[in-house]
Amino acid sequence: MTHIKNYTDANENVSEIQRIEFDEKDHNHSHSKAVINRLSKAIGHLESVRKMVEYDRDCSEVLIQLSAVKAAINNTGKIILQDHIENCIVSAVKEGDNQAIEELNKAIDRFIK
């Protein structure tokens, strides 16, 4: 199955579209439902922050809510990272797949910036 991933490289401010081929069965993680729920809540929270800005709410209040959204996203990323290590990386190490470890290192570098 083909999945399209849009992202902007924060370092280069360049939008890219990547087509990623994978079998969904290979990417079945135990926390997927929890991650989806957390992301939905973060999206709703961010939408509320956008409305705060539209209605000229106090800047301090907006910053506090943005901080909460950032924390929610970071915590969701930690769950995804943990799931990835427990599932994908453990399998990759067993199979001697060093490329998966290199890709993990790149992903961690981007995540913590």
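Model, not experiment: these values are computed from the prediction. (Residues numbered from 1 in each chain as written. Predicted model: local features only at pLDDT ≥ 70, side-chain atom pairs only at ≥ 80, totals over all residues. Heavy atoms only, no water.)

Looking at the overall build of the chain
And step 1. When you go through the chain residue by residue, the secondary structure sums to three helices and two strands.
And step 2. In the chain, the order of α-helices and β-strands from amino to carboxyl end is β-β-α-α-α.
And step 3. Considering only residue pairs separated by 6 or more positions, the chain has 37% of its internal contacts joining residues 24 or more positions apart. (Helix = DSSP H or I, 4+ residues; strand = E, 2+ residues; numbered from the N terminus. Contact = heavy atoms within 4.5 Å.)

Thoughts on the environment of Glu 86
And step 1. Note on placement: Glu 86 falls in helix H2 (residues 59–94).
And step 2. Classification of Glu 86 by relative accessible area gives partly exposed; the value is 41%.
And step 3. For the pair Glu 86 and Ser 30, spaced 56 residues apart in sequence, the C-alpha to C-alpha distance is 9.8 Å. (Buried < 20%, exposed > 50% of the residue type's maximum accessible area, 1.4 Å probe, protein only.)

Some points on the confidence of the model for the chain
And step 1. For the chain, per-residue confidence averages 82 on the pLDDT scale, and 75% of positions sit at 70 or higher.
And step 2. Mean pLDDT across the elements of the chain bottoms out in strand S1 (residues 2–9) (42) and peaks in helix H1 (residues 32–54) (96).
And step 3. For the stretch residues 1–17, pLDDT sits under 50, and the model shows 32 contacts to residues farther than four places along the chain or on other chains. (pLDDT = per-residue confidence, 0-100.)

Topic: a negative patch on the surface
And step 1. Taken together, the side chains of Glu 95, Asp 97, Glu 102 and Glu 103 present a region of like negative charge at the surface.
And step 2. With respect to the helices and strands, Asp 97 occurs in the loop between H2 and helix H3 (98–112).
And step 3. For Asp 97, a relative accessible area of 32% corresponds to the partly exposed category. (Patch = residues over 30% accessible without salt bridge, like charges linked within 9 Å, V, L, I, M, F, W, Y side chains within 5 Å. Areas by Shrake-Rupley, 256 points an atom, 1.4 Å probe, with all protein chains shown as cover. Salt bridge = Lys/Arg side-chain N within 4 Å of Asp/Glu carboxyl O. Lys, Arg positive; Asp, Glu negative; His and termini not counted. Charge placed at Lys NZ, Arg CZ, Asp CG, Glu CD.)

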